[in-house]
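The chain contents come next:
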Amino acid sequence: MTKQTRQLDRVVIRFAGDSGDGMQLTGDRFTSETAQLGNDLSTLPNFPAEIRAPAGTLPGVSSFQVHFADTDILTPGDAPDVLVAMNPAALKSNLTDLPGGAEIIVNTDEFTKRALAKVGYAASPLEDGSLEGYQLREVALTSMTVRALEEFSLSRKEAERAKNMFALGLVSWMYHRPIEGTVTFLQRKFAARPELADANVAALKAGWNYGETTEDFAVQYEVKPAKLPPGTYRNITGNVALAYGLVAAGVRSGLPVFLGAYPITPASDILHELSKHKRFGVTTFQAEDEIAAAGAALGASYGGAIGVTTSSGPGVALKSETVSLAVALELPLVVVDVQRAGPSTGMPTKTEQADLAMALHGRHGEAPVAIIAPRSPSDCFYAALEACRIAVTYRTPVMLLSDGYLANGSEPWLLPEISDLSDLSVEFAAEPNGPDGQFLPYQRDPETLARPWAVPGTAGLEHRIGGLEKADGTGDISYDPANHDAMVRIRAARIEAIEVPPLEVEDPEGDARVLVLGWGSTYGPIGAACRQLRQRGVKIAQAHLRHLAPLPANTEEVLRRYDKVVIPEMNLGQLSAVLRARFLVDAIGYNKVRGLPFTSAELESVMEEVVKNV
Amino acid sequence: MSEPVGAAVGGPNGDPVGPNGRSALKLVPKAEGKQTAKEFKSDQEVRWCPGCGDYAILAAMQTFLPELGVRRENICFVSGIGCSSRFPYYLNTFGMHSIHGRAPAIATGLSVSRPDLSVWVVTGDGDALSIGGNHLIHALRRNVNIKILLFNNRIYGLTKGQYSPTSELGKITKSTPIGSADWPFNPISLALGAEASFVARTIDSDRKHLTSVLRAAAHHPGSAFVEIYQNCNIFNDGAFEILKDSSQRDEALIRLEHGQPVVFGADGEKCVVKEPRGFGLQVVDTADVDPSEIIVHDETVRRPSYAFSLSRLPNDDLTNTPIGVLRAVERPAYDDIVREQVAAARSAAAEPEQELGKLLHGGDTWTIL
């Protein structure tokens, strides 16, 4: 039969199912197919912390949202246009996010009495009329998958497991996605069990064919490729990009990279990724605890490596004392905090940006460090490179604040030329710098205020460093009051001396009176909201802080240029507090800590409200 | 294949090495000329209390290091916090006075990334066994190529006299006015429980013995753990007097020597034999046993249980305290394994920038013209 094809400019699809249903994989594959087609895209995985919560329960629901479009986009989309619900729990837990008229594809096989009761449905929502406002597509995904795989000698359970590929095949058909890449992927993934590879491919194709033949799906959609800058792209998550950035820092500095890490969600993937790249001279050390992870990284830095430690909030808290030591020792140390909802264990798989105050102030004594925050998954690459550049150039700890949303979310990345990446080359101290052949470990470079990086093994530079206060210049232990006061001020000045690019403002017409300022992963939703406002003729200026310490030199000037400044943050106002205290600027906070990124729609209305009242 | 075991034997460049050719110092550059103790003294004024046992250990180290024959700049001391942890300031080598308890972790990162260094950790009973207990046991189990010197004075000195994790039960201190309620750690037993490959004990006042243990530790490929009984004359004076006093020490000390029967006492009147019941060792009168029953010390015994049994011999009054090398076996060192993995991967890699290009372009890519 001939199917109708409808053109769309953008679509948001959410795959939702039990954590054992393979929704992350399904979403990943759909994303890959979409990337191959040249759409711009952005993804948002959302999964439970439990490895396998009891099957069919609400806490066990795992989902993956992908937004793709024929223009460049900034977010994974506020609300899904299409929900694929593999069971009643997936339907129930995601329904509230769906706008009226959205399309719901449900796996009817899983809507048994028992499964419905498990999530508190008294009657089947497929029958009680509660889904009338949506376009409901009832598909017997499980049984059709099992039937499609009859020729394979698989147990029923094994056959059922391929239902995610059936769903992927169907949705791929609906949106004209090529499935060849997924076929290759499956063959590689199940190389050891070709039978399973063939079965999964068969399920994928069965899903596709079902779409093509059934009358239930009358319309196919098409989203044309986006007009993106020319070049080679790949899809990348924040954690992988961050790991690659660290690898690149090693290559561009010629120094070995040493990662000390202790497993923690959502940062572990950086450790996993880096452990695969030993060919770049990267050493990964899975330490006995967070403290040792930071300590070993600092020890490696002392020895002339780029010492890096990666963690999330609770782990970073444990590293605090080591970071303070690194401040006193004036040695490079990169501390990556992939922020998650806190305090304490909080919601480990959910995002938040509430560790800014800790990064700024979470140490004893006056212990300033540099802080940088990436704004998108692919920006994690450049942020990691920049963090390493600051660390090795200025011999200081640098905190890199990523978050769960960036870590697991993905977007297309225009691959850089290696030779265009920052040059991180450094020179170790080679000879004494003081009078009569003396070595002064705390004699500073007048420009960077950095002390020499004098690594063990260098003849003539034998010296002792430590946490005790040191006399400026000689580095000898000093309890002299004036020296301590001077050293505290020097350490602060050292951070302020770091060169960072000016804060840029996007204000197309140049006459906006309201500025919205963000940092970190809110860049996407803020940017999307600004675009939507401007399309409607509302004037709004946007700026995004990548460097939080030191702040760009023009920060105050930018803030003062506007009548009102709005600062949306996934915390209770940590950046607002800093800017208010520092510049006496009356920033208006918009704060939510729901473990999820802002939607651009909510930011749009918040900003519009402010614009109206200027 | 079982890992070869054995005591140190002569290597090609004169370093003692294990039977499989490994040495802690194989990759550490040798000093050119003869070095002197004076060269190893830093310009810093030593600030321990007069009479502190740390002075003797420092002097022994300053005399021993020239003998080690490696370049001064390739030696690094890392310490934690406590009186003993001031040690690095007084040696004219590289040194870091770090954080309470964390020296083994910092030294691990340094040692793994720098095979050309001889890395030493100086720590105390509070630093290593209380706040840093976790790092100590993990460094030992990994067998990182670091030499850990634990100055045990059974008290907190720097914080002025609280009981430590090695203080005896019932110890009256500032923080335990009616006696401590904690059972103490036996540091040697703890290290052996972590399967430390080299475990030894020595005493601050016995310069010759101390030096011989430092020598053995320095050359051991892998972690070396050395407990040094050190007198705190201010807060716990005389804690080891029975082991030092010339009229008592011969009766109290068991001087272990590899390949020698474990016999002690002024006239060898005591010896160590197997317990008739159980798996341990015990001290008996030499006259009461057949000489063939006396244990012949073998520091290379693979199972840590033998050395562990030795470590359990002391009584509460410190009689029957073994000193010397209890255990020296070879097993793979963490640093070596990690570096071999990295080196193997590197040798198969292209030029780094090219390899980075390949990495970034790996996976599914697409091109927009």
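Reading the values: rules and limits
Residues numbered from 1 in each chain as written. Chains lettered and ligands numbered in written order. Predicted model: local features only at pLDDT ≥ 70, side-chain atom pairs only at ≥ 80, totals over all residues. Heavy atoms only, no water. Helix = DSSP H or I, 4+ residues; strand = E, 2+ residues; numbered from the N terminus. Rg over C-alpha atoms; globule rule 2.2 N^0.38 Å. Buried < 20%, exposed > 50% of the residue type's maximum accessible area, 1.4 Å probe, protein only. Contact = heavy atoms within 4.5 Å. Areas by Shrake-Rupley, 256 points an atom, 1.4 Å probe, with all protein chains shown as cover. Domains from an automatic or database assignment. Buried area = accessible area lost by both parts, 1.4 Å probe. Salt bridge = Lys/Arg side-chain N within 4 Å of Asp/Glu carboxyl O. Polar contact = N/O pair within 3.5 Å; in protein donor to acceptor, adjacent residues only side chain to side chain. Nonpolar A, V, L, I, M, F, W, Y, C, P; charged D, E, K, R; others polar. Patch = residues over 30% accessible without salt bridge, like charges linked within 9 Å, V, L, I, M, F, W, Y side chains within 5 Å. Lys, Arg positive; Asp, Glu negative; His and termini not counted. Charge placed at Lys NZ, Arg CZ, Asp CG, Glu CD. Axes fitted to C-alpha atoms, helices over the stretch in contact; angles between N-to-C directions. Parallel < 35°, antiparallel > 145°, perpendicular 65-115°, else oblique. Left-handed = near helix turned anticlockwise from the far one by under 90°. Pairing = 2+ DSSP bridges. Phe/Tyr/Trp six-rings, centres within 6.5 Å; stacked < 30°, edge-to-face > 60°. 1 Å grid on protein atoms, 1.4 Å probe; cavity = no way out; pocket = protein on both sides within 12 Å on 5 of 7 lines; lining within 4 Å. Points joined across faces, edges and corners; volume = space filled by probe spheres on them.

Along the backbone of chain B there are 11 helices and 14 strands. Here chain B has a C-alpha radius of gyration of 23 Å; the compact-globule value for 369 residues is 21 Å, and the two agree. By its C-alpha atoms, chain B is 90 × 50 × 45 Å across when sized along the principal axes. Going through the 369 residues of chain B one by one, you find that 57% of them count as buried. Residue pairs in contact within chain B that sit at least 24 positions apart in sequence constitute 65% of those at least 6 positions apart. Total accessible area on chain B stands at roughly 15,200 Å², and carbon and sulfur atoms take up 53% of it.

To continue, consider the domain arrangement of chain A. Residue and element names in this part refer to chain A. Entries for chain A in the domain assignment read domain 1 (4–223), domain 2 (234–420), domain 3 (427–499) and domain 4 (505–612). Each of domain 1 and domain 4 was reduced to a C-alpha centroid, and the two centroids are 36 Å apart. Overall, the association of domain 1 and domain 4 removes approximately 680 Å² of surface from exposure, summing both partners, and the carbon and sulfur fraction of that is 61%. Considering only the side of domain 1, the residues that lose the most area to domain 4 are Leu74, Thr75 and Asp78, jointly responsible for 72% of the buried surface there. Where domain 1 touches domain 4, the interface holds 1 salt bridge. Among the ionic pairs, arginine 531 bridges to aspartate 72, the shortest N-O distance being 2.9 Å. Where domain 1 meets domain 4, there are 3 residue pairs in polar contact (both at pLDDT 80 or more). Residues that form the side of domain 1 that touches domain 4 fall into these classes: 3 nonpolar, 2 polar and 2 charged.

All names here are of chain A. A surface patch of like charges, here negative, comprises Glu127, Asp128, Glu138, Glu215 and Asp216. Of note, aspartate 216 is situated in the loop between α8 (194–213) and β8 (219–223). Using a relative accessible area of 43% as the deciding quantity, one classes aspartate 216 as partly exposed.

Here we take up the packing of helix α11 (residues 290–302) of chain A against helix α2 (residues 103–113) of chain B. Between α11(A) and α2(B), the shortest axis-to-axis distance is 6 Å and the interhelical angle comes to 45 degrees. The angle between the axes of α11(A) and α2(B) places the two elements in the oblique class. With respect to the hand of their crossing, α11(A) and α2(B) are arranged in right-handed fashion. Contact residues: α11(A) offers A:Ala292, A:Gly295, A:Ala296, A:Gly299, A:Ala300 and A:Tyr302, while α2(B) offers B:Ala105, B:Ile106, B:Gly109, B:Leu110 and B:Ser113. Here the residues of the contact of α11(A) with α2(B) sort into 7 nonpolar, 4 polar and no charged.

All names here are of chain A. One way to put it is that helix α4 (residues 141–148) packs onto helix α6 (residues 163–174) with a least axis distance of 9 Å and a crossing angle of 100 degrees. Taken together, α4 and α6 sit at an angle that is classed as roughly perpendicular. Taken together, the residues of α6 that come into contact with α4 (itself represented by Leu141, Thr142, Met144 and Thr145) are Lys163, Phe166 and Ala167. Broken down by class, the residue content of the contact of α4 with α6 amounts to 4 nonpolar, 2 polar and 1 charged.

With that settled, consider the interface of chain A and chain B. Of the residues lining the interface, 70 residues belong to chain A; the matching set on chain B comes to 54 residues. Buried area between chain A and chain B, both sides added, is near 5,400 Å², and the carbon and sulfur share of it is 62%. Summed over the three residues of chain A that lose the most area to chain B, namely A:Arg279, A:Glu288 and A:Arg464, the buried surface amounts to 14% of that side. Here chain A is connected to chain B by 4 salt bridges. The interface formed by chain A and chain B contains 25 residue pairs in polar contact (both at pLDDT 80 or more). Across the side of chain A that touches chain B, the residue classes break down as 39 nonpolar, 20 polar and 11 charged. Bridge count between strand β9 (residues 231–237) of chain A and strand β14 (residues 365–368) of chain B: 4 bridges; the pairing is antiparallel. What sits directly across from A:Thr232, in β14(B), is B:Thr367.

Residues and elements named next belong to chain A. By the definition in use, this model includes 42 salt bridges over all chains. Between lysine 276 and glutamate 273 there is a salt bridge whose closest N-O contact spans 3.3 Å. Of the residues examined, lysine 276 reaches a relative accessible area of 52% and is grouped as exposed. Between glutamate 506 and arginine 534 there is a salt bridge, with its nearest N and O atoms 2.6 Å apart. Residue glutamate 506 is located in strand β18 (residues 505–506), and its partner arginine 534 is located in helix α17 (residues 523–535); the two are separated by 28 residues in the primary sequence. Here the salt bridges do not stand alone but share partners, grouping Glu330, Arg444, Asp472 and Arg494 into one network.

All names here are of chain A. Counting across every chain of the model gives 22 aromatic pairs over all chains. Here the aromatic rings of tyrosine 210 and phenylalanine 217 are separated by 6.2 Å at their centres, their planes lie at 70 degrees, and the arrangement is edge-to-face. A relative accessible area of 13% means that tyrosine 210 is categorised as buried. A relative accessible area of 2% means that phenylalanine 217 is categorised as buried.

All names here are of chain B. Topologically, threonine 300 is positioned in the loop between β12 (281–285) and α9 (304–311). Residue class for threonine 300 comes out buried when judged on its relative accessible area of 10%. A polar contact of 2.6 Å, which involves the side chain of threonine 300, links it to the side chain of aspartate 298.

On to the sheet that holds strand β6 (residues 103–107) of chain A. Within a beta sheet, neighbouring strands are joined by backbone hydrogen bonds and run either parallel or antiparallel to one another. Residues and elements named next belong to chain A. Within the open sheet, the 6 strands sit side by side as β3-β4-β2-β5-β6-β7. Their pairing is mixed. Either end of the sheet is taken by a strand with one partner, and the two such strands are β3 (40–46) and β7 (135–139). Across the sheet, the mean angle separating the axes of adjacent strands is 15 degrees when strand polarity is ignored. One ladder, built from 9 bridges, connects strand β2 (residues 10–18) with strand β4 (residues 61–69); its direction is antiparallel. Looking at β4, one finds that isoleucine 13 is bridged to valine 66. Contacts from helix α1 (residues 23–37) reach β2, β3 and β4 within the one sheet, and its direction differs from that of β4 by about 10 degrees.

Omega for the peptide link from A:Thr265 to A:Pro266 comes to 0 degrees, which places this bond in the cis form. Here A:Pro266 shows up in the loop between β10 (257–261) and α10 (268–274). For the peptide bond that leads from A:Gly342 to A:Pro343, omega is 0 degrees, which places it in the cis range. Inspection of the secondary structure assignment puts A:Pro343 in the loop between β13 (333–339) and α13 (356–361). At B:Asn143, a residue that is not glycine, the phi angle is positive and equals roughly 65 degrees.

Quick look at the sheet that holds strand β20 (residues 541–545) of chain A now. All names here are of chain A. Here we have 5 strands laid out as an open sheet, ordered β18-β20-β19-β22-β23, and mixed in their pairing. On the outer flanks of this sheet lie β18 and β23 (587–591), each paired with one strand and no other. Set on the sheet, helix α19 (residues 574–583) makes contact with β19 (514–519), β20, β22 (564–569) and β23; between it and β22 the angle comes to about 145 degrees.

Take helix α2 (residues 88–95) of chain A next. Residues three or four positions apart in an α-helix share a direction because the helix packs 3.6 residues into each turn. Residues and elements named next belong to chain A. Where burial is concerned, most of α2 is hidden: 6 out of the 8 residues are buried. Looking at α2, one finds that the buried residues are Pro88, Ala89, Ala90, Leu91, Asn94 and Leu95. Close packing links the buried residues of α2 with β2, β4, β5 (82–85), β6 and α3 (113–118).

The next thing to look at is empty space enclosed by the protein. All names here are of chain A. All chains considered together, the criterion is met by 5 cavities of 30 Å³ or more. Estimated volume of the largest cavity: approximately 90 Å³. Looking at the largest cavity, it is lined by 13 residues, and the ones nearest its centre are Leu44, Pro45, Thr349, Thr351 and Tyr405. Contributions of two or more residues to the lining of the largest cavity are made by β3 and α15 (404–408). The residue makeup of the lining of the largest cavity, split by class, is 6 nonpolar, 6 polar and 1 charged.

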